[in-house]
Amino acid sequence: MNELSDLYEYARAENIGIYNYPIGFRPALSIKDGPRRAVFLDFTQLRTLAEINEAAGHEHGHHETGAYHKVDSPFELWQRSEHRADRWFYEKYVSVDKIKEAFKAGYTETWDLAQWFELPESRIKKALHYWTECRGVDFNEG
């Protein structure tokens, strides 16, 4: 996985600032203020490469999809933008083809897939749920 380097390349090309900042209430967040955009990563909460990859990939999704919300947005709007960022993340970094590739390489358990993708196992479970329950993908088909 190259989420962090992908985010840095994208940020450099799009003039998005990336900052190490002790947010406290979440490990990462993205903001847009007019034409200015930024990603804040709290490395006091991001302790492993898997956690950093997850945060960077998800925040990359916010910027790619324009899925921003105000801090005081109603839950429905907040959740909608989080879902859009997650959907982009799964389609880019944990795609059906990439999962099938991991299966072919012998990585079939969620903890195995977490190692393959260098992501937390909880994120792999969410990706599998997205593909199987939300998108109707059957990984058992030929």
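Bear in mind the structure is a predicted one, so any value in this text is a computation, not a measurement.

Participant: Explain the layout of surface pockets to me, please; I cannot follow it from the model alone.
Facilitator: Sizing a probe to match a water molecule and rolling it over the atoms shows the empty space that remains. The calculated volume of the largest pocket comes to roughly 480 Å³. Residue contributions to the lining of the largest pocket peak at 7 residues, all from helix α3 (residues 75-93). Across the lining of the largest pocket, the residue classes break down as 8 nonpolar, 4 polar and 9 charged. When its volume is computed, the second largest pocket comes out at roughly 340 Å³. If you go around the second largest pocket, you meet 16 residues; those closest to its centre are L29, S30, H69, V71 and W78. Listing elements by their share of the lining of the second largest pocket, those giving two or more residues are β2 (28-33), α2 (49-65) and α3. For the lining of the second largest pocket, the residue count by class is 8 nonpolar, 3 polar and 5 charged.

Participant: Whenever I open this one, the nonpolar core confuses me. Can you help?
Facilitator: Nonpolar side chains in soluble globular proteins generally cluster together in the buried interior. Membership of the largest hydrophobic core comes to 19 residues, with the highest contact counts inside it found for V94, I99, F117, I124, W131 and F139. Residue assignment for this core shows that the elements contributing at least two residues are α3, α4 (96-104), α5 (110-117) and α6 (121-134). The greatest single-element share of this core, amounting to 5 residues, is contributed by α6. For F139, the residues in contact, after removing those within four places along its chain, are V96, I99, K100, F103, L128, W131 and T132. Y10, I16, L41 and L46 belong to the second-largest nonpolar core, a separate cluster that totals 11 residues.

Rules of the game
Residues numbered from 1 in each chain as written. Predicted model: local features only at pLDDT ≥ 70, side-chain atom pairs only at ≥ 80, totals over all residues. Heavy atoms only, no water. 1 Å grid on protein atoms, 1.4 Å probe; cavity = no way out; pocket = protein on both sides within 12 Å on 5 of 7 lines; lining within 4 Å. Points joined across faces, edges and corners; volume = space filled by probe spheres on them. Helix = DSSP H or I, 4+ residues; strand = E, 2+ residues; numbered from the N terminus. Nonpolar A, V, L, I, M, F, W, Y, C, P; charged D, E, K, R; others polar. Core = buried A, V, L, I, M, F, W, Y, C linked by side-chain atoms within 4.5 Å. Buried < 20%, exposed > 50% of the residue type's maximum accessible area, 1.4 Å probe, protein only. Contact = heavy atoms within 4.5 Å.

Shape is all these values report; function is a separate question.
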